[in-house]
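Residue-level listing of the chains:
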Amino acid sequence: MRKSTLFVLSLALLSAADLPSQGRGRRGRRPTSAPTPPAAAPKQEEKPKDPKQYTAIVGGDVYIGTGQRLTGATVLIADDKIEKVGHNLKLPEGTTVIDAKGKTVSPGFVIVQGSGMGAGFSSPFKDTVNPFAPDIKQGLAAGITSFLAGSTSSRDRLGGSNAVIKLAYGDVEGMVLKENSVVGISVPLTRTARDSLKTSVKAAKDYLAAVAAYPAKKAKDPKAKAPKKPKSADQILSVLQGKANLWVAFGGGGFNPFRRMAGGGGGASDVASIREALEIAKMFGKGVVIQKPTSAWLVPDEIAATGSSVIISPRTRLPADPKNPDRTGTNIASAAILAKAGVPIAVTCPSGRFGGGGVGTNGILGQDLNTPNVDAAYAVRGGLENRKALRTLTLDAANIMGVGDRIGSLEAGKDADILILDGDPLHYSTFVTTAIVNGKVVYEKGKEALYRHISRPKH
Amino acid sequence: MSMRNNNRLLVLSVTAALVCAVATAQNARPTAFTNARIHTVSGKTIEKGTLVIRNGKIDAVGKDVVVPAGAKVIDASGKTLMPGLVSAWSRAGLNAPTSLSNTPTRSGRRGRGQRFRPSRSSGRTTNAAATKVIDRVYIRQPIFGKLLEVGVTSLALNPSGGGFPGLGAVLNPAGKTREALTLDDEAFVQIGMQRNSGAKKLLKETFAKAKKVVEEREKPPAPPVKKPEAKKPTAGKPEAKPGAKPTGKPPEGKEPPKPGPKPTPKPTPKPTPKPKPKEGDKKQEPKPSSKPAAAKKPAKKKPKDPNLEVLADLLQGKRRAIVHINSAADLLHWRTAVSDDVKFPRMIAVTRHDSNSGTIDLVIDHLKKWECSVLLPPSLTTMPRTAYLTHPAKKLHDAGIEVGFIIGESPTSVRNIFFSLMELVRSGLPADIAIKAITQVPAKALGIDKRTGTLEVGKDADLLVFDGDPLSPTGKLEQVWLRGSRVEKDSANN
């Protein structure tokens, strides 16, 4: 009952007009009108090439991905980028028009944890991706256009080898968006590990400061030596320089499939561990991404204060542990509580496959990526605003993966990774009718043997 | 013990039978098949036609051919003639026959019959393009004779592995000695695509290096105009040789590639002696003529990499290649590693339909750009995760790409090829294309199409006689003719 009223309410609110966007937290407010085209720069770059191929998705209700919705708007795509989004756009000659009247248009879903779907098995992923993997189509049917493949955690020190993979069916070069945009570490750390991390981070910071000061120093004293890079600090440096995001996982030590199956958060996802993660954030002086902190809803403000983000599985429910007052369990309200405090959230599903890290389209017991929108809808049921819930699958997820400048919203200059759906993106009856990745139509419901025999039930 | 003896006997008897067959080939009395249905492959199928064999070659073929006087006439009414099968993908004879494993049958290699292990150099980290696969073959195996009995009249031997595993050979399956077995010991360059960064890097860098060698060769040798007398012969010699290679393809008469005892198949400078003296000599000439600066250059370039020389030949069109690419994904990865500007005559070999990485028909556009033929497994396949059958061969053929089929390397798989073709034909592939795909197309890829692969005047009389439609289960292979002589069936082999 509560869910449906909330749903109707939010729908009514949304369709009322071009809502002022609800930019959140540290990102501030977004412009109120449809994004204007600052697309001049990419245009110039591509000018010497062939004339641009234009595609327009016309007449759909466009979810920008920032929380805003434009009713009956047009999305204009030039080659592989979004050129313009707005009402009554003038289409260049020769534009391919895709009619989306009565449909919704949304950014492709960005999944923070995935496997399969054509991702290679080792880094560099660009040499091993399989652009014809059959489960690419299955992922596209689920609305996924990008996901993070590979490992995102490492014990006691920074590590991980991963890549943001796009489901660009049939295109090797288009499949890898960015390699190693995420660096991971798992807590709790041993005392020696924590100490050595602290010294390494300090050394790296000193090095960066010395590098910044070097030109001035050199001007004064031509004999000044260039600062020496600290040993094996590449990953720390890439985090400090903003080239990679730091993710913190909860290790708990050892492999415990049952615990993982139940919680998906590892064994030590209690408040103390969350605080340790935040300690690392302070060490680096920038927000980290906390992976599946089941007790995070107890300390949302502490998390927000460090500028950290959270990956959460709203579907996961864990009972409180009466013996451990720190471990309070989790339920569907967690996401809403965190969002209210201004913590960006990315939604994932409970770990499938007996706790293995891999979540893909081949999971067991429904714990898989075939319905990421429903996972987000669980957060709505727990009190998260509908609009914000879509962000957990789009822009916030992209930011958490460190690729928010390329994907996650329908804004001019971004990659054209777009879904056309036959209803509200978060409704469980909604199907993807068309998926576009890098400006190319890579999935059409009517042409693939996955869901073409199912038509959306009327509610 | 008795088993082994039996086997030895068997080998001997096969040998004897084949030697007899070859001996009879030399008589000059022509043979004529009359009233036969003739799949010429080169042209239309002839109904009630006549085919005349003289001196091992096809002397005449057609509807109104007059049977020469004195010819031995074989009434072939109700029978079908087609060219002998050409297998462009096999590793027959590269493993020690298990039954003979303890007998020292291998010539050229000592050892106790352990299975051949591909040398590390054929892996992905190095370029071993000049290694000859023929050096690794175990001769005097019954397998060649058995393959001949079921219709394989030309047999390729493919080095295996990623990167540049070596030079493939074309065998005469009736040969009993290394020399007789070898028709061409460097018929083609084998290249293998693998989807990993090591293999891609190797492809990219090696082709770049080979390109440089080509540029070096094509540079006009301007500065040294000193000893024209000494220069002429050196310059003339190499041009004639590599030039003769692809076109001439000397048949049996060709000089044998070094008799037996050549210990190991290492990529020694031995395999490509031809280009070597050419450039080496050229470079060495300026040395005495001019300054020490010039003398330095040749000293640096002296150790030529024979593997690169082979690939440079390839890029210059003096050799051809068989490129093993199993899936559409691999083909796209090839394109990211090796640019389309790197052009060379090639055939793509697909050894299994890989619907998990995309069957090769998904990238027809790229294949068209390469203007190459494609060797496929003779089977339909299913769309990924469905039961819908797809027909990659038909798709390629419809798109104008020449299709060949892998006919296997065991007598059983060769016998089954006609059943497989039947399935492909009933699913829409034209029957004449199916026959062409196991004769002319692979022959072209091996560079033996001037000699065999079709039933045309002047070609070797390699032909099969069926007592009906080859694709029908009722059509039985009755006779195999190799270079004008009938291959006697050895009952011990059946």
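Residues numbered from 1 in each chain as written. Chains lettered and ligands numbered in written order. Predicted model: local features only at pLDDT ≥ 70, side-chain atom pairs only at ≥ 80, totals over all residues.

1. As for the overall build of chain A
This is how it is decided: Here a helix means four or more residues in a row that DSSP labels H or I, a strand means two or more in a row labelled E, and each is numbered from the N terminus. Burial is judged by counting other C-beta atoms within 10 Å of a residue's own C-beta: 20 or more means buried, 12 or fewer means exposed, and anything between counts as partly exposed, with every C-beta placed from the backbone. Working definition of a contact: two residues with C-beta atoms, positioned from the backbone, lying within 7 Å.
The secondary structure content of chain A amounts to 13 helices and 17 strands. Scored against the burial criterion, the 459 residues of chain A give a buried share of 51%. Excluding contacts between residues fewer than 6 apart, the proportion of contacts in chain A whose partners are at least 24 apart in sequence is 67%.

2. Comments concerning the interface of chain A and chain B
Selection rule: Three categories are distinguished: nonpolar for Ala, Val, Leu, Ile, Met, Phe, Trp, Tyr, Cys and Pro, charged for Asp, Glu, Lys and Arg, and polar for the others, with Gly belonging to the last.
Taken together, the contacts link twelve residues of chain A with 17 residues of chain B. Of the residues belonging to the side of chain A that touches chain B, the class tally is seven nonpolar, three polar and two charged.

3. Quick notes on the sheet that holds strand β11 (residues 245-250) of chain A
Residues and elements named next belong to chain A. We count it as follows: Only strands that DSSP links by at least two bridges are regarded as paired with each other. To get an axis, fit a line to the C-alpha atoms, keeping to the stretch in contact for a helix; angles then go from 0 to 180 degrees between the N-to-C directions.
Taken in spatial order, the five strands make up an open sheet running β10-β11-β12-β13-β14, and their pairing is parallel. At either margin of the open sheet sits one strand with a lone partner, and together these are β10 (182-187) and β14 (345-347). Along the sheet, successive strands turn relative to each other by an average axial angle of 25°, direction set aside. Examined bridge by bridge, β11 and strand β12 (residues 289-291) share two bridges and lie parallel to one another. Across the sheet, the residue bridging to W247 is V289, located in β12.

4. Comments concerning the domain arrangement of chain B
Residue and element names in this part refer to chain B. Where we set the bar: Start and end points for every domain follow an automatic or database-based domain assignment.
Here chain B is described as being made up of domain 1 (1-84 + 455-488) and domain 2 (85-452). Listed per partner, the contact involves 23 residues of domain 1 and 26 residues of domain 2. Looking at the side of domain 1 that touches domain 2, the elements with two or more residues in it are α1 (2-25), β5 (80-83) and β17 (477-482). Per-element tally for the side of domain 1 that touches domain 2: the top contributor is α1, with seven residues. Looking at side-chain class alone, the side of domain 1 that touches domain 2 contains 15 nonpolar, five polar and three charged residues.

5. Here's the deal with unusual backbone geometry
Negative phi characterises most residues that are not glycine, and trans characterises most peptide bonds. For the bond from V187 of chain A to P188 of chain A, the omega torsion is 0°, close enough to zero to count as cis. Summarising the element assignment, P188 of chain A is placed in the loop between β10 and α5 (191-220). Within the chain, M117 of chain A stands out as a residue other than glycine whose phi angle is a positive 50°. With respect to the helices and strands, M117 of chain A occurs in the loop between β6 (109-111) and α3 (134-141). Judged by local crowding, M117 of chain A falls into the buried class, with 29 C-beta atoms found within 10 Å. Its identity as a non-glycine residue notwithstanding, R483 of chain B has a phi of 45°, on the positive side. Residue classification places R483 of chain B among the buried positions, given that 23 C-beta atoms sit within 10 Å.

6. Concerning the sheet that holds strand β9 (residues 182-192) of chain B
Either a parallel or an antiparallel arrangement is found when strands of a sheet pair, and the pairing is made through backbone hydrogen bonds. Residues and elements named next belong to chain B. With mixed pairing, eight strands are arranged side by side in an open sheet as β6-β7-β8-β9-β10-β11-β12-β15. Bordering the open sheet on either side are β6 (85-87) and β15 (403-405), each of which pairs with just one other strand. Recorded for the sheet is a direction-independent mean angle of 25° between the axes of neighbouring strands. Pairing geometry for strand β12 (residues 373-376) and β15, over three bridges, is parallel. Note on β15: the bridge partner recorded for L376 is F405.

7. Some thoughts on helix α8 (residues 271-284) of chain A
Residues and elements named next belong to chain A. The cut-off we apply is this: In this analysis, the expected span of each helix is defined as 1.5 Å times one less than the number of residues it contains.
Compared with an ideal rise of 1.5 Å per residue, which puts 14 residues at 20 Å, α8 spans 20 Å between its outermost C-alpha atoms and is within 8% of the ideal. For α8, the secondary structure elements touched by its buried residues are β10, β11, β12 and α9 (300-305). G285 sits one or two positions beyond α8 and adopts a positive phi of about 75°.

8. Details of the environment of I407 of chain B
Residue and element names in this part refer to chain B. Examined against the element boundaries, I407 turns out to sit in the loop between β15 and α13 (411-426). Separated by 13 residues in the primary sequence, I407 and S420 have C-alpha atoms spaced 9.6 Å apart. With residues near it in sequence (within four places) discarded, I407 still touches L85, S87, S413, V414, I417 and I438.

9. Regarding the pairing of strand β2 (residues 46-54) of chain B
Residues and elements named next belong to chain B. Note: strand β1 (residues 31-38) against β2, five bridges, orientation antiparallel. Pairing of A32 across the sheet is with V52, part of β2. Inspection of the sheet shows β2 paired to strand β3 (residues 57-62) by five bridges, in the antiparallel sense. If you follow T50 over to β3, its bridge partner there is G62. The turn linking β2 back onto β3 is made up of two residues, and N55 within it adopts a positive phi angle of 55°.

10. Here we look at the environment of A149 of chain A
Residue and element names in this part refer to chain A. Tracing the backbone through its elements, the reader meets A149 in strand β7 (residues 144-150). Taking the C-beta count within 10 Å as the criterion, A149 has 27 such neighbours and is therefore assigned buried. Sequence separation of A149 and V201 is 52 residues, and the distance between their C-alpha atoms is 26 Å. With residues near it in sequence (within four places) discarded, A149 still touches G114, S115, A119, F125, N162, A163 and I165.

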